[in-house]
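Below, each chain spelled out in residue letters.
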Amino acid sequence: MSLNTRAISAQIIFAVLDKQQSLGQCFDQYTQDLNPSQKGQVQDFVYGVLRHYSQFNYCINQLTHTKIKPEFNLIRYLIAIGIYQLEQDRVADHAAVGETVEACKQLDYEGFSSLVNALLRSYQREQDNLAEKLKAAPAQITSAHPDWLLRRLKKAYPKGWKKVIKQNLAKPPFWLRINQNHQSAENYKQQLKEAEINFTADAKQAETILLEQAIAVDALPGFFEGSCSVQDKAAQQAARLLDVKSGDRILDACAAPGGKTAHMLETCPDIDCEALDIDETRLSRVSQTMQRLALNCKTLLGDASKQDWWNGQAYDRILLDAPCSATGVIRRHPDILYLRHDQDIEALSQLQQKILINMWSMLKPGGTLLYATCSVLPEENKQQIKQFLKTHSDAKLDPIFDNESVDDPGWQILPGVQNMDGFYYARLIKQPK
């Protein structure tokens, strides 16, 4: 018997929260046999519950007199899915409850079906009362953020941390990058209008557009023929900031899945570009991206903190999209709230420093290195670059904005600013010795 979307969603949430598996990996695993509509529904349930699980769990604990034991967490997650449906008002209440109870039976927990039904009916009656109780609950519950991350955000952004949290729990915007090697931006915008896909054009960047709502890529005109790419506006800044020139020898370190590499090649096809990644599966996605967009790029399998993959020929420009906590893209990857831990930040910071020093040795004198992360934590960003500038006399900050200094280097984008993801960029020039 095939499982309904609620049952599959509960299994995915269980894989993330109890098995500590990546959401991206287990989502693909559990939804491979579903049609696009079913996949969309599962994604809505899973992402919605993970963004607000601490609140849903609080409500469940308020509503039940008998504690649901950890070995029955799958039932707890199923009830959370039911609560999410009741809050969203997208389906009739009776259907939301009925389908969730049916999912319980499909998962061979028929003995719990009456409990699931009773708790969801209780939630309907107590919804307003529970909302009032939640207002007085601790920040860890109301924000869905773990204590360690709340502490770091409050320290880094004493006036803005609440805005960061709000954006982290919001649905992400759907940005496109038009491939102007394929057709002009204006021509593609006309195709979108003809397909009745609503969008807003970016005022400064012709190839950057924001869709009114997320859609499947196969609904985008010419997507599989290379007409455009799905890429957040923050990530689209990388190619612009690196500003590659014809004939440059370029390295995109930690390149997968290849969106920034592709953008550089679309901007200036006449470059010698190499894309490096440590993960063979992820590196294959770079090749797929290049093939779809009809671009030429050499892919290299290797560790950016080492040199055993390098032929010794220095680069004119290096894009280092460093491994990071991904705390700037939580709204796209809510599993970060559960899979990332406080001790990870120190380990990541040390790895970033090691890779940065290694990449610097591969850069030509006079060359440019663009350091990038999708983090909002200073330990991975400004502090990282400040330390590097202090210890490398041949490194000079190339300001992105006039108000930058060696004590306050780089561009920290917070989630939601200009509707972008959280990102950090710092541009460095290697001084001739």
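Definitions and limits used
- Residues numbered from 1 in each chain as written.
- Predicted model: local features only at pLDDT ≥ 70, side-chain atom pairs only at ≥ 80, totals over all residues.
- Heavy atoms only, no water.
- Core = buried A, V, L, I, M, F, W, Y, C linked by side-chain atoms within 4.5 Å.
- Buried < 20%, exposed > 50% of the residue type's maximum accessible area, 1.4 Å probe, protein only.
- Helix = DSSP H or I, 4+ residues; strand = E, 2+ residues; numbered from the N terminus.
- Contact = heavy atoms within 4.5 Å.
- Polar contact = N/O pair within 3.5 Å; in protein donor to acceptor, adjacent residues only side chain to side chain.
- 1 Å grid on protein atoms, 1.4 Å probe; cavity = no way out; pocket = protein on both sides within 12 Å on 5 of 7 lines; lining within 4 Å.
- Points joined across faces, edges and corners; volume = space filled by probe spheres on them.
- Nonpolar A, V, L, I, M, F, W, Y, C, P; charged D, E, K, R; others polar.
- Pairing = 2+ DSSP bridges.
- Axes fitted to C-alpha atoms, helices over the stretch in contact; angles between N-to-C directions.
- Right-handed = clockwise from strand over helix to strand, strands pointing away.
- Salt bridge = Lys/Arg side-chain N within 4 Å of Asp/Glu carboxyl O.

Trainee: Please clarify how the nonpolar core should be interpreted in this entry.
Mentor: Grouped burial of nonpolar side chains is what soluble globular proteins tend to show. If you look at the biggest cluster of nonpolar residues, it comprises 101 residues, and the most contacted ones within it are Ile79, Leu153 and Tyr425. Looking at which element gives the most residues to this core, the answer is helix 3 (residues 36–63), with 12 residues. Among residues more than four places away in sequence, those in contact with Ile79 are Ile60, Ile68, Val116, Leu119 and Leu120. Leu320, Tyr371, Ile385 and Phe388 belong to the second largest nonpolar core, which has 28 residues in total.

Trainee: Would you take a moment to explain unusual backbone geometry for this structure?
Mentor: Cis geometry marks the peptide bond from Ala256 to Pro257, where omega comes out at 5°. Secondary-structure assignment places Pro257 in the loop between strand 5 (249–253) and helix 12 (259–267). The residue Glu196 is not glycine, and still its phi comes out positive at about 60°. In this structure, Glu196 sits in the loop between helix 10 (185–194) and strand 2 (199–201). A positive phi angle is found at Cys254, which is not glycine, with a value near 55°. On the secondary structure map, Cys254 appears in the loop between strand 5 and helix 12. What makes Cys254 buried here is its relative accessible area of 18%.

Trainee: Looking at this model, I keep getting lost on the environment of Asn311. Mind explaining?
Mentor: Structurally, Asn311 is set in the loop between strand 7 (298–301) and strand 8 (315–321). Counting along the chain gives 209 residues from Asn311 to Glu102, while the straight-line C-alpha distance between them is 59 Å. Side-chain polar atoms of Asn311 contact the side chain of Arg249, separated by 3.3 Å. Only 2.9 Å separates the side chain of Asn311 from the backbone nitrogen of Gln313, close enough to count as a polar contact.

Trainee: When you look at the layout of surface pockets in this model, what are you seeing that I'm missing?
Mentor: The volume enclosed by the second largest pocket comes to roughly 290 Å³. Listed by contribution, the elements that provide at least two residues to the lining of the second largest pocket are helix 3, helix 7 (139–143) and helix 14 (336–339). A per-element tally of the lining of the second largest pocket places helix 3 first, with 5 residues. Within the lining of the second largest pocket, the residues separate by chemical class into 8 nonpolar, 5 polar and no charged.

Trainee: So what exactly am I meant to see when it comes to the side chain of Arg152 here?
Mentor: Within the element layout of this structure, Arg152 appears in helix 8 (residues 147–156). The exposure class of Arg152 is buried, given its relative accessible area of 19%. Side chain to side chain, Arg152 and Glu379 meet in a polar contact 2.9 Å long. Excluding anything up to four places from it in sequence, Arg152 contacts Asp342, Ile345, Leu377 and Glu379.

Trainee: Help me out: how do you make sense of the sheet that holds strand 3 (residues 208–211) in this one?
Mentor: Read across the sheet, 4 strands follow the order 2-3-1-4 without closing on themselves; strand pairing throughout is antiparallel. Here the strands that pair on one side only, and so sit at the sheet edges, are strand 2 and strand 4 (228–230). Across this sheet, the average inter-strand angle for adjacent strands is 30°, counted without regard to direction. Where strand 1 (residues 174–178) lies against strand 4, 3 bridges are found, and the strand directions are antiparallel. Pairing of Ile178 across the sheet is with Cys228, part of strand 4.

Trainee: What is the right way to look at the environment of Ile345 in this model?
Mentor: With respect to the element layout, Ile345 can be found in helix 15 (residues 342–361). For Ile345, a relative accessible area of 1% translates into the label buried. In this structure, the C-alpha to C-alpha distance between Ile345 and Glu380, residues 35 residues apart in sequence, is 7.6 Å.

Trainee: Before we go on, may I ask you to explain helix 8 in this structure?
Mentor: Count 3.6 residues to each turn of an α-helix, and residues three or four apart come out pointing the same way. Taken together, the buried positions of helix 8 are Trp148, Leu149, Leu150, Arg152 and Leu153. Residues of helix 8 that are buried in the fold lie against helix 7, helix 9 (161–168), helix 14 and helix 15.

Trainee: I tried to follow the pairing of strand 6 (residues 272–277) on my own but got confused; where do I start?
Mentor: In the case of a regular strand, side chains alternate between the two sheet surfaces. With 5 of 6 residues buried, strand 6 is to be regarded as a mostly interior element. Pairing analysis gives 5 bridges linking strand 5 to strand 6, with the strands arranged parallel. Paired with Leu251 across the strands is Glu274, a residue of strand 6. In this fold, strand 5 hands off to helix 12, which returns the chain to strand 6; that crossover is right-handed. Pairing between strand 6 and strand 7: 4 bridges, direction parallel.

Trainee: Any chance you could explain the pattern of salt bridges here in plain terms?
Mentor: Throughout the structure, instances matching the rule amount to 20 salt bridges. Measuring nitrogen to oxygen at the nearest pair gives 3.0 Å for the salt bridge that ties Lys135 to Glu132. Here the residue Lys135 and the residue Glu132 both occupy positions in helix 6 (residues 113–135), the gap between them amounting to 3 residues, near one helical turn. We classify Lys135 as exposed; its relative accessible area is 65%. Taking the shortest distance from any N to any O, the salt bridge between Asp321 and Lys260 comes out at 2.7 Å. Note that Asp321 is positioned in strand 8 and Lys260 in helix 12, a separation of 61 residues in sequence. Among the residues examined, Lys260 registers a relative accessible area of 14% and is labelled buried.

Trainee: Where do I start with the pairing of strand 5 in this structure?
Mentor: Judged by how many residues are buried, strand 5 sits mostly within the fold: 5 of 5 residues are covered. Burial along strand 5 is two-sided: the residues Arg249, Leu251 and Ala253 and Ile250 and Asp252 are all buried. Alignment of strand 5 against strand 8, held across 4 bridges, turns out to be parallel. Note on strand 8: the bridge partner recorded for Ala253 is Leu320.

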